[in-house]
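The residues making up each chain are set out below.
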Amino acid sequence: MARRKKSSTQPSARSFDPGERVVAVTGAYSFVGGELIKRLEEDRRYYKVLAIDIRKPAFPLTKTQFHKVDLTLPTADAELSGILKREGVETFVHAAFLSAPTHNATWAHEFESIGTVHVLNACGEAKIRKFILWSSTVVYGAAPLNPNFLTEDAELRGHPRSRFINDKAEAERETARFAKENRDTTVTVLRTAPILGPRIRNYVTRFFARPACPTLMGYDPLMQFVHEDDAIDAFKLASDEDFAGAFNIVGDGVLPYSTILAMMGKVPLPVPHFVAYPLAQALWATQVFDSPPNFLDFLRYLCVADGSRAREVMGFRPHHDIKSAILDFLGVAAERHDLASEEGRA
Amino acid sequence: MSDHRVLGDNPFEPAPPAEPAAPAPPAAEQPPEPSKKVRSKPRAQPAAKARRPVPDIETEPLGAEAAPHPAADHPPPPEYGRTLDHEVRQEAARRGLVDEFRLVERWVRERIQPEPPAGERRRLPLEFLWRRWRDIAMRDRSDFVDEFGRDPMYAARVEPLIRFIYEKYFRVELEGCEHIPHVGRGLIVANHSGTVPYDGAMIMYAVRKEHGSHREVRPLVEDFVFHFPYLGTFINRIGGVRACQENAERLLLQDQLVAVFPEGIKGIGKLYRERYQLQRFGRGGFIKLALRTDSPIIPAAVVGAEEIHPMLTKVSWLAKSVGIPYIPITPTFPWLGPRGLVPRPTKWYLRFGEPLPFNTEYGARGAEDRILVNRLSEQVRSRIQEMVDERLSRRRSVLFG
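Source: prediction; values computed, not measured.

A. How the structure looks around helix H7 (residues 228-240) of chain A. All names here are of chain A. Across its 13 residues, H7 extends 18 Å between first and last C-alpha, which sits within 8% of the 18 Å expected from 1.5 Å per residue. A large share of H7 lies buried, amounting to eleven of its 13 residues. Turning to H7, its buried residues number three or more, namely Glu228, Asp230, Ala231, Ile232, Asp233, Ala234, Phe235, Leu237, Ala238, Ser239 and Asp240.

Here it is in structure tokens:
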């Protein structure tokens, strides 16, 4: 708490100082990158923000410069390092990751895994002072041998057949290598739990948008979420001050999957697990269902991370526990539904 | 459309509602309008009814056939201080009895079904059903579970069942409950048996009910039980935790009581002829745990549990494909189907021994000494074996104690 207070008093202590920090954010059009840019724009300590994406963010930019860089192109690293050197960027936030699995696995691999390599090359070339990577707790993988709370030191098991998870795990491995090679750069990895909230769109909100959700018969794992505002808070915190290492960014509390469904008023569809996997494979292959079959592991086994390191080292305090995150998501979903029906009538 | 409005407020008519309606032609010339609601008139002229369609009471304004008032484009200023009653009375006096009935009807309907106040959130279609469904789904569960998944409301709901098993079925007799600390951490180490692990639930219930501080014990459960469909979820909701070093350490560092069964799967799978012979205590993980977290070890002996499922032999070749380590063969299972899983109602004795303060004797550094760990592990095993043997020698009958 003290740390948070200090960071909030800092700008007023030198409020006439225009600030000299220059931050580059990839994935500026996406939710995490865009929201972070909005926060950085409000903070006087930051002189300039570089928004890097292939589409310009939809909100008005005042001290933000937009640079169009396609990370899947082989020349992306040279282009990026030129920009970083020219603008004198000191902090780089890499948040250009997919928010939901896609069928186009080769492109996803080029974008997430190779794109991260390009970004790291550019950062190494430009001698960046701080590098922040957005990762997710799904890189630990859901496994029967997981302890109830995975710490940051746990193995990044990923999933043997999930590109979506393995690309993120690969990006983490590349970042760890980068951190080993560039000792002068502060490397922060923020592993967020699945982000839930009223405005974000990702595989979680898409999954819970349906009136009925599948459950695996006899299995009811504990689940964990982080509210979208808390996740952005963590990114802001990490770019304000220097924290080296990996941190799990999670909300307080866990709930069983069945209780989450009950709180949301969803109808559970129990399926035996030996039927569910082939069925999900078929539905995914025919593009009826938008999560791949290996995501069923998360409905079967635990994948819950321990957020105590972020609490102690970063001073990160989530404002929403799991219940209020769910209710926030749910209340707005209900409102949205209401508005939709209103429009339909008019 | 104009469901909730007073008489004369036609959306196509420019006149405001407060304005008295256009002066109607003399009532004598106008044939009385047929009305469904007023039973005194309608039978008068069926021919007239067929000629002219029945005016819709909801949409058609009264006196629609009348010529529009020449001053309709320039309505007179509204008169203030008039109430609805006044309006109703005035109108009724002008139009006669039938219209009065209609006016009263509209007035009553408006009172019964008022327009929703502005600004209130409109309800979703089927929102009532959705809310009801949520209430039903949340009925037996709480919206808060502790971090290891114990659901207090669910646990309270199954407690009568466990109480029945504890008091009536196994008639558990408890000794040495005073050895369990009132505050602070503790590691309860017990013998394990019985094919289906009832002993963990009994220890949990015994300490919760009969100990002075009513403490919660968190038993550590083997992987195969924990990931068994339904059973694992059930055990988790009432307080069981998957057995692994990280979980046990976290619980003990929170000053909780943890029950471990170091015999593990070998204990559950003991044959009938091996009963009350304690198996090897793993690799001494529980000793390391106790030393590292500075917790005293409380030995516990469970007598009676090893006879509930007298296992004659076990089949492992078929079991692997089902995902369990073995299929037990008892005098009743699998011959009687699921009924064969009903345990024998043996008489149980549960005894907690004096705490073994290894943590103060050896300290956290002792955990690295493999030989010491193994020696202490064996010491705990023989202590529990003694307690079991002592109780067995005093027992006369398996079923009646």
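Moving on from the model shown.
B. Geometry of the interface of chain A and chain B. Contact with chain A, which involves 21 residues of that partner, is made by 26 residues of chain B. Secondary-structure elements contributing two or more residues to the side of chain A that touches chain B are strand S12 (255-256), helix H8 (257-264) and helix H11 (322-345) of chain A. The greatest single-element share of the side of chain A that touches chain B, amounting to five residues, is contributed by H11(A). Across the side of chain A that touches chain B, the residue classes tally to twelve nonpolar, six polar and three charged.

C. The nonpolar core, seen in detail. If you look at the biggest cluster of nonpolar residues, it comprises 95 residues, and the most contacted ones within it are Val25(A), Leu36(A), Leu190(A), Ala234(A), Phe235(A) and Ile249(A). In this structure, Ile249(A) is in contact with Leu190(A), Arg191(A), Thr192(A), Ala193(A), Val226(A), Ala231(A), Ala234(A), Gly307(A), Ala310(A) and Phe316(A), ignoring residues within four places of it in sequence.

D. Expanded view of the pairing of strand S6 (residues 186-192) of chain A. Residues and elements named next belong to chain A. Judged by how many residues are buried, S6 sits mostly within the fold: six of seven residues are covered. Direction of pairing for strand S5 (residues 130-136) relative to S6: parallel, over a ladder of seven bridges. Among the inter-strand pairings, serine 135 is bridged to a residue of S6, identified as arginine 191. In the classification by handedness, the crossover that spans S5, the intervening helix H5 (residues 163-181) and the parallel S6 is right-handed. Relative to strand S11 (residues 245-249), S6 is paired through five bridges, and the arrangement is parallel.

E. Up close: unusual backbone geometry. Residue and element names in this part refer to chain B. Residue proline 334 is reached from phenylalanine 333 by a cis peptide bond, and omega for that bond is 0°. Residue position: proline 334 is located in the loop between strand S8 (327-329) and strand S9 (349-352). In the Ramachandran plot, arginine 171 falls in the positive-phi region, its phi being about 45° despite a non-glycine side chain. Topologically, arginine 171 is positioned in the loop between helix H5 (152-169) and strand S1 (173-175). With 17 C-beta atoms packed within 10 Å, arginine 171 lands in the partly exposed category. Of note in the backbone geometry, histidine 214 takes a positive phi value of approximately 50° without being a glycine. On the secondary structure map, histidine 214 appears in the loop between helix H6 (198-210) and strand S3 (217-221).

F. Just the sheet that holds strand S1 (residues 21-26) of chain A, in detail. All names here are of chain A. Taken together, seven strands build an open sheet; the order of strands is S3-S2-S1-S4-S5-S6-S11 and the sheet is parallel. The sheet terminates laterally at strand S3 (64-68) and S11, the two strands that pair on one side only. For this sheet, the mean inter-axis angle between neighbouring strands, taken without regard to orientation, is 20°. Helix-sheet contacts for helix H3 (residues 76-87) involve S1, strand S2 (46-53) and S3, and the interaxial angle to S2 is about 170°.

G. Focus on the confidence of the model for chain A. Residues and elements named next belong to chain A. Of the residues in chain A, 90% have a pLDDT of 70 or more, and the chain-wide mean is 87. Ignoring residues within four places in sequence, the model shows residues 1-16, a span with pLDDT below 50, making eleven contacts including any to other chains. Considering only residues more than four positions removed or in separate chains, one finds that residues 335-346, a stretch of pLDDT under 50, has five contacts.

H. Quick look at the packing of H5(B) against H6(B). Residues and elements named next belong to chain B. Contact pair H5 / H6: the axes reach a minimum separation of 10 Å and the direction vectors enclose 95°. The angle between H5 and H6 falls in the class roughly perpendicular. Contacts between H5 and H6 involve Ile162, Arg163 and Tyr166 on the former and, on the latter, Ala201, Met202 and Tyr205. Split into classes, the residues belonging to the contact of H5 with H6 amount to five nonpolar, no polar and one charged.

I. Inspection of the environment of Ile37(A) at higher detail. All names here are of chain A. Residue placement: isoleucine 37 occurs in helix H2 (residues 31-42). Owing to 27 C-beta atoms within 10 Å, isoleucine 37 belongs among the buried residues under this scheme. Residues isoleucine 37 and alanine 24, spaced 13 residues apart in sequence, show a C-alpha to C-alpha distance of 9.1 Å. Those residues in contact with isoleucine 37 that sit more than four places away from it in its chain are Val25, Ala28, Val49, Ala51, Pro57 and Thr64.

Quick notes on the rules
Residues numbered from 1 in each chain as written. Chains lettered and ligands numbered in written order. Predicted model: local features only at pLDDT ≥ 70, side-chain atom pairs only at ≥ 80, totals over all residues. Helix = DSSP H or I, 4+ residues; strand = E, 2+ residues; numbered from the N terminus. Expected span 1.5 Å × (residues − 1). Buried ≥ 20, exposed ≤ 12 C-beta atoms within 10 Å, placed from the backbone. Contact = placed C-beta atoms within 7 Å. Nonpolar A, V, L, I, M, F, W, Y, C, P; charged D, E, K, R; others polar. Core = buried A, V, L, I, M, F, W, Y, C linked by C-beta atoms within 7 Å. Pairing = 2+ DSSP bridges. Right-handed = clockwise from strand over helix to strand, strands pointing away. Axes fitted to C-alpha atoms, helices over the stretch in contact; angles between N-to-C directions. pLDDT = per-residue confidence, 0-100. Parallel < 35°, antiparallel > 145°, perpendicular 65-115°, else oblique.

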